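Examination of the molecular architecture
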Amino acid sequence: MNNSVTKAADNIRILAASMVEKAKSGHPGGAMGGADFVSVLYSEFLRYDPNDLSWAHRDRFFMDPGHMSPMLYSVLALAGQFSLDDLKSFRQWGSVTPGHPEVDVLRGIENTSGPLGQGHTMAVGAAIAERFLTARFGEWMAHKTYAFISDGGVQEEISQGAGRIAGFLGLSNLIMFYDSNDIQLSTKVCQVTSEDVAMKYQSWNWKVITIKGNDADQIRQALIEANKETERPTIIIGKTSMGKGAVAEDGSSFEGRTSTHGQPLSAGGASFAKTIANLGGDPENPFQFFPEAEELFAKRREELVKLAEQRHAEESAWADANPELAAKLDKFFEGEAPELDYSKIAQKSNIATRAASATVLSAFADSVENMIVASADLSDSDKTDAFLKKTKAFVKGDFSGAFFQAGVCELTMACIMNGMALHGGVIPACGTFFVFSDYMKPAIRLAALMELPVKYIWTHDAFRVGEDGPTHQPVEQEAQIRLMEQLKNHSGENSMLVLRPADAAEATVAWKLAMENTDSPTGLILSRQNIKDLPAKSSRYDEALQAEKGAYTVIECEGTPDVILVGNGSEVATLVEGAALLAAQDNLKVRVVSAPSEGLFRNQPAEYQKAVLPNSVPKFGLTAGLPVTVRGLVGTSGAVWGMNSFGFSAPYTVLDEQLGFTPKNVYCQVKAFLGAECTANV
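Below: a short report on this structure. (Residues numbered from 1 in each chain as written. Predicted model: local features only at pLDDT ≥ 70, side-chain atom pairs only at ≥ 80, totals over all residues. Heavy atoms only, no water.)

**A few points about the nonpolar core**
- One finds Ile128, Phe364, Met371, Phe404, Tyr456, Trp511 and Leu565 to be the most contacted residues of the largest nonpolar core, which totals 148 residues.
- It is helix 5 (residues 118-137) that provides the largest number of residues to this core, a total of 10 residues.
- Excluding anything up to four places from it in sequence, Leu565 contacts Leu575, Ala579, Leu582, Val590, Arg591, Val592, Val593, Phe620, Val666 and Val670.
- Counting residues in hydrophobic clusters, the runner-up holds 64 residues, among them Phe45, Tyr146, Ala222 and Leu296. (Core = buried A, V, L, I, M, F, W, Y, C linked by side-chain atoms within 4.5 Å. Buried < 20%, exposed > 50% of the residue type's maximum accessible area, 1.4 Å probe, protein only. Helix = DSSP H or I, 4+ residues; strand = E, 2+ residues; numbered from the N terminus. Contact = heavy atoms within 4.5 Å.)

**Overview of the pattern of salt bridges**
- Scanning the entire structure with this criterion turns up 39 salt bridges.
- For the salt bridge of Arg47 with Asp59, the shortest nitrogen-to-oxygen distance reads 3.8 Å. Of this pair, Arg47 sits in the loop between helix 2 (28-45) and strand 1 (60-63) while Asp59 sits in the loop between helix 2 and strand 1, placing them 12 residues apart in sequence.
- On the basis of relative accessible area, Arg47 is assigned to the partly exposed category, the value being 30%.
- As a salt-bridge pair, Arg500 and Glu571 come within 2.5 Å of each other at their nearest N and O atoms. Here Glu571 lies in helix 21 (residues 570-586) and Arg500 lies in the loop between strand 10 (497-499) and helix 19 (504-516), a separation of 71 residues in the sequence.
- Among the ionic contacts, a cluster of salt bridges with common partners joins Asp461, Arg464, Glu478, Arg482, Glu485, Arg500, Glu571 and Asp656. (Salt bridge = Lys/Arg side-chain N within 4 Å of Asp/Glu carboxyl O.)

**A word on the pairing of strand 11 (residues 522-525)**
- Of the two faces of strand 11, the one carrying Thr522 and Leu524 and the one carrying Gly523 and Ile525 are both buried.
- Note: strand 10 against strand 11, 3 bridges, orientation parallel. Paired with Leu499 across the two strands is Leu524, which belongs to strand 11.
- What joins strand 10 to strand 11 is helix 19, and the crossover it makes is right-handed. (Pairing = 2+ DSSP bridges. Right-handed = clockwise from strand over helix to strand, strands pointing away.)

**Re the packing of aromatic side chains**
- In total, this model carries 21 aromatic pairs according to the counting rule given.
- Residues Phe37 and Phe148 carry aromatic rings whose centres are separated by 6.0 Å and whose planes lie at 55 degrees to one another, so their mutual orientation is tilted. Taken together, the positions of Phe37 in helix 2 and Phe148 in strand 2 (residues 145-150) put the pair 111 residues apart, joining distant regions of the chain.
- Note on Phe601 and Tyr608: the rings are 6.1 Å apart at their centroids and 65 degrees apart in plane angle, and the pair reads as edge-to-face.
- Look at Phe601 and you get buried, because its relative accessible area is 1%. (Phe/Tyr/Trp six-rings, centres within 6.5 Å; stacked < 30°, edge-to-face > 60°.)

**Details of the state of the cysteines**
- Per the counting criterion, the structure on display carries 1 disulfide.
- Each disulfide pairs two cysteine sulfurs, and for Cys668 the partner residue is Cys678, the sulfurs being separated by 2.0 Å. You can see Cys668 sitting in helix 26 (residues 663-673) and its partner Cys678 sitting in the segment after helix 26, a full 10 residues away along the chain.
- Residue classification places Cys668 among the buried positions, given a relative accessible area of 17%. (Disulfide = S-S within 2.5 Å.)

Function-wise, these values are silent; they only describe arrangement.
Encoded structure:
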């Protein structure tokens, strides 16, 4: 046994327990139990460039249990990425060591983690991205993706999707350590499940290795074996001890206690001082590096520098021999929007925006070589099949295509897209019905927090799904997802871009905006049914480019309007017809505004916002969602016609009539809003 590795693990245990104790908040037990694995992984196996942590071809380590962040921060401190002062400021304002790890590649943190199950699922996405890129540029750039999961992560339902997909695709570049300590936050594992985890992963075509998870020699041997595997992903089930090394005041073992999971050792009943001493530390000054641990990681750094130099030399030789491919690979990892003349994309007239999206996706399949499109078993309905028809789906051993058939697992799919984006070099997009965005929101939220440019293709945008009835008809979903436009990310920008285009031309522009948005996720909300093209004085596409400002005038009147009609998506065409009735029947001056993204609109100068929606003019909004969806645009003094109930099962034309989404009802509602009766025969 390598004593220095064991000393490093004890050092990690001490630092992790001390961080939580000082902060009076956190989770020490799991971090102490998992310390042996990360000690071996980081000191012997994980390959990266210490002088360039953003190096594209590094191995990745994805944390699933974010509550075990003290373990990750501690091993990264030994590796030179954090200082002892950083560890001392754990969970404090402005600290680089927050309560759960947030993505920080330049410090060695590959993903934000916290919601259990998502971290290892992101690792699956990164492993897929690696296979996609090696299929195009060669095995010289191959690398491993390591993941760390806990009992809770295994129990979260998303683990089924991640396990199924990784096994089905034969992701032998994925190695996961399962920290199986049989303890949860408020219970023991045996109180909530009796499943055979090993058999479960074997059934999904994983290589399963079961070891003593606190034995460095067994960990090392398992990692050697896993790295040799060429057909399957590997899960190493490590039976560990929660709170490894913890002792009570009388010196007796305090390992394996639920109480050490989510609170400082002293609060959980253990003796902090005697635990630190038991592990070889100084209770009066626990924030120290053991000389043996420092020496171990200094030696590993030297090895990593040499390995990186060798890999960089191989990369340079390849680039010299393949200059065009090398330039393409560099461009992929720059993460910039692809160059494409969107004005050349010819759209048919009066089509559904999902069909217009398909036209754009078909163009992407021809010109955007690093785009990966996925669908949750709905490619022929969400129209991502337009992309699929020009490529092929991933299968085990063949990632030369660019389509990911996720199966029925919206949350897993969205989380895998996050992993692809975190890996870099690819542009991930995924499709499903808009109502099922409900299943995706945990991953969408993390994409927004991590500022990942994932594209969501959501079709069947409203009650006009029709006969499928209220289960498949989005009503409240648009209001929910647009909250992310109001929320700022840590860069101070809108955490998400949400676009609901009003016709085919706007759909093209929406895709243009989505691809140009490289700093946050984008949601495209698309119609199932055909929509009439909006009127245009010249080129409809050129006029639709005004959607880049979030909201713009589609129909203008002479002079100051008597009323402004505001909507997005399918409702704008209805407003246009309603405006024509108001002008013809009552000689009213009406402006119609299309507002595909209120978030973008609120980013515009105040002068532009006032010019489009002046405060002095009455405003009427139409939305197939909750009235609050457009309330911010019409103001508190405006009127909104929207949905105040779940939908109903019927053909969409019948629903439009019954629910009041017709030009005639727009006419009558605006008249009533302006204080007049709807008496005209329209």
